[in-house]
Amino acid sequence: MLNEITPGIRLMLLSTLSIAGMNACVKHLHHLPALEVILFRSLFSIAASFAALRRLGVAPFGNNYLLLISRGSTGALALMCYFLTLQHLPLATAVTVQYLAPIFTAVLGIWMVGEAVRPWQWVFFALSFGGVVLVQQSGPAVAVVDPTGPVGTGRVFLAIGVLGALLSGLGYNAIRQLRGREHPMVIVFYLPLISLPLATVGCLLHWQTPQGADWLWLLACGALTQAAQVAMTRAYQLERLSRVAPLNYLGMLYALGLGYLFFAESFGPATCVGMALVLLGVGLNAWYTSRRDTSRGKGAPATAKLM
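Summary of the structure given here.

Conventions used here
Residues numbered from 1 in each chain as written. Predicted model: local features only at pLDDT ≥ 70, side-chain atom pairs only at ≥ 80, totals over all residues. Heavy atoms only, no water. Helix = DSSP H or I, 4+ residues; strand = E, 2+ residues; numbered from the N terminus. Buried < 20%, exposed > 50% of the residue type's maximum accessible area, 1.4 Å probe, protein only. Areas by Shrake-Rupley, 256 points an atom, 1.4 Å probe, with all protein chains shown as cover. Core = buried A, V, L, I, M, F, W, Y, C linked by side-chain atoms within 4.5 Å. Contact = heavy atoms within 4.5 Å. Phe/Tyr/Trp six-rings, centres within 6.5 Å; stacked < 30°, edge-to-face > 60°. Salt bridge = Lys/Arg side-chain N within 4 Å of Asp/Glu carboxyl O. Axes fitted to C-alpha atoms, helices over the stretch in contact; angles between N-to-C directions. Parallel < 35°, antiparallel > 145°, perpendicular 65-115°, else oblique. Left-handed = near helix turned anticlockwise from the far one by under 90°. Nonpolar A, V, L, I, M, F, W, Y, C, P; charged D, E, K, R; others polar. Polar contact = N/O pair within 3.5 Å; in protein donor to acceptor, adjacent residues only side chain to side chain. Disulfide = S-S within 2.5 Å.

## Quick word on the overall build of the protein
- When helices and strands are counted, the protein shows twelve helices and zero strands.
- Secondary structure elements of the protein, listed N to C terminal, follow the sequence α-α-α-α-α-α-α-α-α-α-α-α.
- Evaluated residue by residue, the protein yields a buried proportion of 53% over its 307 residues.
- A total of about 13,500 Å² of accessible surface is found on the protein, and carbon and sulfur atoms cover 70% of it.

As structure tokens, this is what we get:
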């Protein structure tokens, strides 16, 4: 089994772990406006990405401007939706909704990049999606963090989360279309490049100065997000969309654990069943696609190295 864990899968596992850490940082900074957290995260990512591009001798703005702007725009809007749900919904719920993105990614990939999803893969996706639904239905899935908010606010943020997942699916397919046409770090660079001016406008309208340890949490958020973006971009360029996208679901397990340990978010038996279904769907999909690729003698597509 270990020899079936390809470099693309390892990178996606690293990405999910880094995103879990970022989620905890954003949740901890719930007292700061979401756009303010995105502003500092974008500043960190721009500096780190530009330094890496300079070291590699790669032109930072690339050549496929429309696709790069599409990736940056959809990614920036998805990030805003996601951070809003992280701050206003229980951690496990916000992350669970975001992990609808792999399903949107695989389905949109049928038209955007021409990658077929096999009948059995639909079954595996359904298993994982069923697990997501069970997790959402266990406990106060859409209870807003601020109980003084208007009735129905939780459902509004839930809808914002679904929109963010759809936008993420569009962004991930743009990454796939850019495979072999742009350096992965250029693709990473465009996300904060477009996020920064959008977040700046929002911060001009509502600003709250970070205090004390907030600066360390913001720094950690930026570093973990950058690591996740680099690993995720390389993974999507190394592997088929339908093979690596469902691995995002593993981050839900991290969210449940972090929510329980640090944010007093409890879960019951239905959540355990949901977790098992998610893992079963992810594992079966990875096994199935690996066997198909091996039997047909297909290797992972080549891509430019980051380092």
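## Brief notes about the nonpolar core
- By size, the foremost hydrophobic cluster in this structure holds 65 residues, and its most contacted members are Val 37, Phe 83, Leu 86 and Tyr 236.
- Residues within four places of Phe 83 in sequence aside, it is in contact with Met 22, Val 26, Ala 34, Val 37 and Ile 38.

## A short note on the packing of aromatic side chains
- Summed over the entire model, instances satisfying the criterion amount to eight aromatic pairs.
- Here Phe 50 and Phe 189 contribute two aromatic rings whose centre-to-centre distance is 6.4 Å and whose plane-to-plane angle is 40°, an arrangement assigned as tilted. A residue pair is termed long-range when its members are at least 10 positions apart, and Phe 50 in helix α2 (residues 34-56) and Phe 189 in helix α8 (residues 184-205) qualify at 139 residues.
- Classification of Phe 50 by relative accessible area gives partly exposed; the value is 36%.

## A look at the pattern of salt bridges
- In the structure shown here, the tally under the stated rule is one salt bridge.
- Residue Arg 176 is joined to Glu 115 by a salt bridge in which the shortest nitrogen-to-oxygen separation is 3.0 Å. On the criterion of sequence distance, the pair formed by Arg 176 in helix α7 (residues 153-177) and Glu 115 in the loop between α5 (101-112) and α6 (119-137) is long-range, its members being 61 residues apart. Across the pair, exposure class does not vary: Arg 176 and Glu 115 are buried alike.

## Observations regarding the packing of helix α1 (residues 7-28) against helix α3 (residues 65-88)
- One way to put it is that α1 packs onto α3 with a least axis distance of 9 Å and a crossing angle of 60°. Of the possible angle classes, the one that applies to α1 and α3 is oblique. In the crossing of α1 with α3, the sense of the turn from one axis to the other is right-handed. Every residue of α3 that contacts α1 at Ile 19, Met 22, Asn 23, Val 26 and Lys 27 is listed here: Tyr 82, Phe 83, Leu 86 and Gln 87.
- Within the contact of α1 with α3, the residues separate by chemical class into six nonpolar, two polar and one charged.

## Brief notes about the side chain of Gln 98
- Structurally, Gln 98 is set in helix α4 (residues 91-98).
- A relative accessible area of 10% places Gln 98 in the buried class.
- Of note is the side chain of Gln 98, whose polar atom sits 2.9 Å from the side chain of Ser 168.

## Describing the packing of α4 against helix α11 (residues 250-262)
- Taken N-terminus to C-terminus, the directions of α4 and α11 make an angle of 170°; their axes are 8 Å apart at the nearest point. In this view, α4 runs roughly antiparallel relative to α11, as classed from their interaxial angle. Contacts between α4 and α11 involve Leu 91, Ala 92, Val 95 and Thr 96 from the former and Gly 251, Met 252, Ala 255, Leu 256, Leu 258 and Gly 259 from the latter.
- A class-by-class count of the residues in the contact of α4 with α11 yields seven nonpolar, three polar and no charged.

## What about the environment of Gly 283?
- Structurally, Gly 283 is set in helix α12 (residues 269-295).
- Overall, Gly 283 belongs to the partly exposed group, its relative accessible area being 38%.
- A sequence separation of 36 residues divides Gly 283 from Leu 247, and the C-alpha atoms of the two residues are 8.6 Å apart.

## Focus on the environment of Ala 174
- Along the chain, the position of Ala 174 falls in helix α7.
- Residue class for Ala 174 comes out buried when judged on its relative accessible area of 1%.
- Along the primary structure Ala 174 and Leu 68 are separated by 106 residues, whereas in three dimensions their C-alpha atoms are 7.7 Å apart.
- Residues in contact with Ala 174, not counting those within four places in the same chain, are Leu 67, Ser 70 and Arg 71.

## Observations concerning the state of the cysteines
- Across all of its chains, the model carries zero disulfides by this definition.
- With no disulfide of its own, Cys 221 has Cys 25 as its nearest cysteine by sulfur position, at a separation of 5.7 Å.

## Quick notes on α5
- Every buried residue of α5 is accounted for by Ala 101, Pro 102, Ile 103, Thr 105, Ala 106, Leu 108 and Gly 109.
- Of the residues trailing α5, Gly 114 is marked for its positive phi of about 70°.

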